[in-house]
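Commentary on secondary and tertiary structure
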Amino acid sequence: MAVTLEEAPWLGWILVKALMRFAFMVANNLVAISSYICYVIVLQPLRLLDSKRFWYIEGIMYKWLLGMVASWGWYAGYTVMEWGEDIKAISKDEAVMLVNHQATGDVCTLMMCLQDKGLVVAQMMWLMDHIFKYTNFGIVSLIHGDFFIRQGKSHRDQQLLLLKKHLENNYRNRDRKWIVLFPEGGFLRKRRETSQAFAKKNNLPFLTHVTLPRIGATKIILSALVARQENGSPAGGDAKELDSRSKGLQWIIDTTIAYPKAEPIDIQTWILGYRKPVVTHVHYRIFPIKDIPLETDNLADWLYQRFIEKEDLLSHFYETGAFPPPKGHEEAVSREMTLSNTWLFLIQSFAFLSGYMWYSIFQYFYHCLF
């Protein structure tokens with residue numbers, strides 16, 4: 001499409017701004033991730049003496065790193081509006097977030113909207129595609145204990161066994177509380193056709209805004225982390241008693257992400273900021289774990305029903321620009337999620353000062369040795 005003389009200055013500014021943002025992102029990653037690794041190495045003696053305190057400190061640094069990623073979108077005008085139940089009320093309990101997956105920007109959106117939920121981000125474990133292992137953030141996720149899952153039928157059984165082992169070795173030992181899972185197993189645009197063919201073959205609803213979820217990872221997580229009562233039934237929270245302190249996984253948070261006009265944000269947009277400001281909408285529903293069926297067939301039906309409901313939520317949103325109100329209410333109430341500019345400035349300053357400190361230390365030792 002030809003560019004008019006009137007559009008040229010605006011496009012020129014967009015290009016210059018994108019290049020400046022990219023340069024800052026590179027510098028931010030270099031100092032922040034390098035400093036994180038150096039701090040983790042220096043703190044290894046603490047890991048041997050007091051493992052819980054070590055992982056607490058590591059979690060705080062991890063939260064700051066994700067806060068920096070959130071800031072890239074925040075300053076580009078990519079904000080979040082939250083709907084549904086208030087998940088702050090269960091931020092100290094163990095929970096699994098089941099999230100629909102449209103684009104790479106979904107991860108950035110969650111990094112942003114969970115920053116004000118106490119220590120959730122610090123104590124969170126992500127399940128993400130193995131390709132993320134090879135990104136700039138992959139080393140951080142490996143240290144933190146996130147799990148990289150390889151897609152495809154040929155890898156499925158092996159990956160589920162590895163996930164079970166990973167949870168046993170890392171979840172409790174590192175004092176994790178929340179798990180983020182994308183049950184669809186891939187982006188909407190890549191899985192929609194396959195999902196619709198599966199639905200037609202098995203007489204399931206035809207979905208366009210989400211795909212039918214895969215059950216494997218969800219079942220492994222519930223089997224490994226749900227505490228059992230003496231009678232074998234799950235011990236979990238009650239939606240009317242949010243101060244429950246039962247051990248084990250207590251909540252399922254059904255999380256639905258919606259973008260205006262069904263145009264999702266990708267990671268390139270988040271970094272370069274060339275798209276106009278966008279408000280992403282996130283809807284939450286909380287389910288007590290005691291109400292979740294753990295048997296394979298019943299769990300599959302329960303998961304399918306959640307994604308059928310997501311389809312209805314998204315259809316309503318794309319038609320009206322808002323999520324529908326909960327049952328028994330006349331209108332839905334939204335909450336604008338905000339980040340503190342002062343806090344963002346402080347963590348960015350800490351990252352660059354730490355980078356300078358570690359550079360000076362390495363430079364000193366280099367001159368001493370050579």
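These numbers come from a predicted model, not from an experiment.

1. Considerations on the overall build of the protein chain
For the protein chain, the count of helices and strands is eleven helices and eight strands. At 22 Å, the protein chain has a C-alpha radius of gyration in line with the 21 Å of a compact globule built from 370 residues. Referenced to the eigenvectors of the C-alpha coordinate spread, the extents of the protein chain come out at roughly 70 × 65 × 45 Å. For the protein chain, the share of sequence-separated contacts (at least 6 apart) that also reach a separation of at least 24 residues comes to 77%. Split by element, the accessible area of the protein chain, about 19,200 Å² in all, is 60% carbon and sulfur. Looking at charge distribution, the protein chain has the averaged site of its 40 positive side-chain charges lying 6 Å from that of its 36 negative ones.

2. Things to note about helix α4 (residues 105–113)
Of all nine residues making up α4, nine are buried, and the element is well covered by its neighbours. Every buried residue of α4 is listed here: Gly105, Asp106, Val107, Cys108, Thr109, Leu110, Met111, Met112 and Cys113.

3. Quick word on the pattern of salt bridges
With the rule as written, the count across this model stands at twelve salt bridges. The closest approach of N and O atoms between glutamate 168 and lysine 164, which form a salt bridge, is 2.7 Å. Taken together, the positions of glutamate 168 and lysine 164, both in helix α6 (residues 153–171) and four residues apart, correspond to about one turn of that helix. Judged by its relative accessible area of 47%, glutamate 168 falls in the partly exposed class. Through salt bridges that share partners, Glu82, Lys88, Asp116 and Lys117 make up one connected network.

4. Focus on the confidence of the model for the protein chain
Averaged over every residue, the pLDDT of the protein chain is 89; the share at 70 or more is 92%. Summarising per-element confidence for the protein chain, the mean pLDDT is lowest in α6 (88) and highest in strand β6 (residues 251–258) (97). Low pLDDT, under 50, characterises residues 237–246; the predicted model gives this stretch 23 contacts beyond four residues in sequence or across chains.

5. Let's talk about the packing of α6 against helix α8 (residues 216–225)
It is the contact of α6 with α8, at a shortest axis distance of 10 Å, that shows an interaxial angle of 35°. Two packed elements cross with a definite hand, and for α6 against α8 that hand is right-handed. Along its contact with α6, which presents Leu160, Leu163, Lys164, Leu167 and Tyr171, the element α8 presents Gly216, Ala217, Ile220, Ile221, Ala224 and Leu225. Taken together, the residues that form the contact of α6 with α8 break down as nine nonpolar, one polar and one charged.

Conventions and cut-offs
Residues numbered from 1 in each chain as written. Predicted model: local features only at pLDDT ≥ 70, side-chain atom pairs only at ≥ 80, totals over all residues. Heavy atoms only, no water. Helix = DSSP H or I, 4+ residues; strand = E, 2+ residues; numbered from the N terminus. Rg over C-alpha atoms; globule rule 2.2 N^0.38 Å. Contact = heavy atoms within 4.5 Å. Areas by Shrake-Rupley, 256 points an atom, 1.4 Å probe, with all protein chains shown as cover. Lys, Arg positive; Asp, Glu negative; His and termini not counted. Charge placed at Lys NZ, Arg CZ, Asp CG, Glu CD. Buried < 20%, exposed > 50% of the residue type's maximum accessible area, 1.4 Å probe, protein only. Salt bridge = Lys/Arg side-chain N within 4 Å of Asp/Glu carboxyl O. pLDDT = per-residue confidence, 0-100. Axes fitted to C-alpha atoms, helices over the stretch in contact; angles between N-to-C directions. Left-handed = near helix turned anticlockwise from the far one by under 90°. Nonpolar A, V, L, I, M, F, W, Y, C, P; charged D, E, K, R; others polar.

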